[in-house]
Amino acid sequence: MGEDECWSLTPAFDAATSFGAMLAAYRCARRDKPKTAEMDRFEAERERRLLDLQTALRDGTWQPGPARQHTIYDRKPRVITCAPFVDRVAHQVIVRACAHDLDRALPPEVYSNRVGSGTHAALARYRVLAAKAPFVLTLDVCGYFHAIDHAILAQQVGALVRDPSARDYLLRVVDASPPPPTAPDYFDGDDLFTPHARRRGLPLGNLVSQTLANLFLAPLDATVRALPGVVGHVRYVDDLMVFGRSRAALRHARAEAVRSAAHLRLRLHEDRAGIHDTRRGLRFLGLVVSRDGCRLPTEARRDFAHRFQGLRAACRRGTVTLEQVSAAVAGWSGHAQHGMSEKALDRFLRRTTVLG
């Protein structure tokens, strides 16, 4: 909000910050997360902490707190930003307050971070489109989260989120994002200083970031959907699978997608923008998928076995509960069953997940 605007609480945001809604947001923020001392301290004073947060959100004084960052190595280094636990609760409240507006802005081709969608719905849609089209174009964005331009994002949020309280808080979270670790790109019309004068980047590991990253590429969805020769597409965050009737149509789609991305100050991975036969298996969302079915890659099984050993060690230390380990195994099994036979999955789990 501008300096001359007064903070006013809308009925919608008042409902989103009712104590019952705050309690539900707290439970979502805590669900399936490793146990930490910070979470325990919050739990010990849960009612007072939630009431304090409710007051701050309602009177307009809430500001994101300092986050800590660490690097994980999942095939490549990723810098994860961990917001304070109270901020994670606030993120849940803010996103819920504007979820309808944001979801309304997304086309049905987007399957990430949406109620009723997800990886398995995206994989099923992939197979439907693969049965209709002989070719598929793979696209993804270079360093996507680190490249998201704050000014363009603020324009999108301003145009789509009607509740002023939710809109203001979303942009406060964006403004508090730490500087990205990557160098900026130059685009047509930039001078020497333009990329350095524009703020960019959303942190990984943040609910608001995940939600807004979904929104930011909506113009690219619209561009691809309108192209001749395109049968349909599937997007999961910044991974796009575009299905076409011919290689020529998909070459044209690739060129138009590059132009559309540049308008958002994004670059697409040129070396990954391949055109493939839909009869052949292609890696997508952790499975090798074709029009005939899905297969779980061998390295995915190795990755889970390694992850499970870490969970077991954490369970012995008391930082992860047995229930959380069981939930992780159940979640992975639910995904793996789409790419393994029931007998093979059962053998693998019995061999891998024996708690000693």
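These notes cover the structure that comes with them. (Residues numbered from 1 in each chain as written. Predicted model: local features only at pLDDT ≥ 70, side-chain atom pairs only at ≥ 80, totals over all residues. Heavy atoms only, no water.)

1. With respect to the sheet that holds strand S4 (residues 230-236)
Selection rule: A pair of strands is considered paired only if DSSP assigns at least 2 bridges between the two. Elements are defined by DSSP. Helices are runs of H or I of four residues or more, strands are runs of E of two residues or more, and each kind is numbered from the N terminus. Axes here refer to lines fitted to C-alpha atoms; in helices the fit is confined to the stretch in contact. Angles between the N-to-C directions go from 0 to 180 degrees. Residues count as neighbours in contact if any of their non-hydrogen atoms are within 4.5 Å of one another.
Read from one edge of the open sheet, four strands run S4-S5-S3-S6, paired in antiparallel fashion. Looking at the sheet topology across the chains shown, the edges are occupied by S4 and strand S6 (275-277). Taking each pair of neighbouring strands and ignoring which way they run, the sheet shows an average axis angle of 25 degrees. Running at roughly 160 degrees to S4, helix H12 (residues 218-225) makes contact with S4 and strand S5 (239-244) of the sheet. The sheet contacts of helix H13 (residues 247-263) involve strand S3 (135-139), S4, S5 and S6, and relative to S3 the element is tilted by about 20 degrees.

2. So, helix H6 (residues 119-132)
In plain terms, the rule: Given the number of residues in a helix, its expected span is that number minus one, multiplied by 1.5 Å. Note on classification: 1.4 Å probe, protein chains only; a residue is buried when its accessible area is under 20% of the maximum for its type, exposed when over 50%, partly exposed between these limits. Summarising the geometry, the arc corresponds to the directions from the helix axis toward the C-beta atoms.
An ideal rise of 1.5 Å per residue puts 20 Å on 14 residues; H6 measures up with 20 Å between its terminal C-alpha atoms. Restricting attention to buried positions, one finds in H6 the residues Ala 122, Leu 123, Tyr 126, Leu 129 and Ala 130. Buried residues in H6, looked at end-on, bunch into an arc of 125 degrees, giving them a common side. The exposed residues of H6 that point more than 90 degrees off its buried face are Ala 131 and Lys 132. Residues of H6 that are buried in the fold lie against S3, S4, S5, strand S7 (282-284) and strand S8 (287-290).

3. Overview of the side chain of Asp 277
What counts here: As used in this structure description, the phrase polar contact means that two N or O atoms lie within 3.5 Å; if the pair is within protein, one of them must be able to donate a hydrogen and the other to accept it, and residues adjacent in sequence are counted only when both atoms belong to side chains.
Among the secondary structure elements, Asp 277 is positioned in strand S6. At a separation of 2.7 Å, a polar atom in the side chain of Asp 277 contacts the side chain of Arg 279.

4. Quick word on the environment of Ala 257
Residue position: Ala 257 is located in helix H13. Put simply, Ala 257 and Thr 223 are 34 residues apart on the chain and 7.1 Å apart in space, counted from C-alpha to C-alpha.

5. Side note on the side chain of Asp 149
Tracing the sequence through the fold places Asp 149 in the loop between helix H7 (144-147) and helix H8 (150-160). A distance of 2.8 Å separates the side chain of Asp 149 from the side chain of Arg 198, its partner in a polar contact. Each residue touching Asp 149, except ones within four places of it in the same chain, is listed here: Arg 198, Arg 199, Arg 200, Phe 216, Leu 264 and Arg 265.

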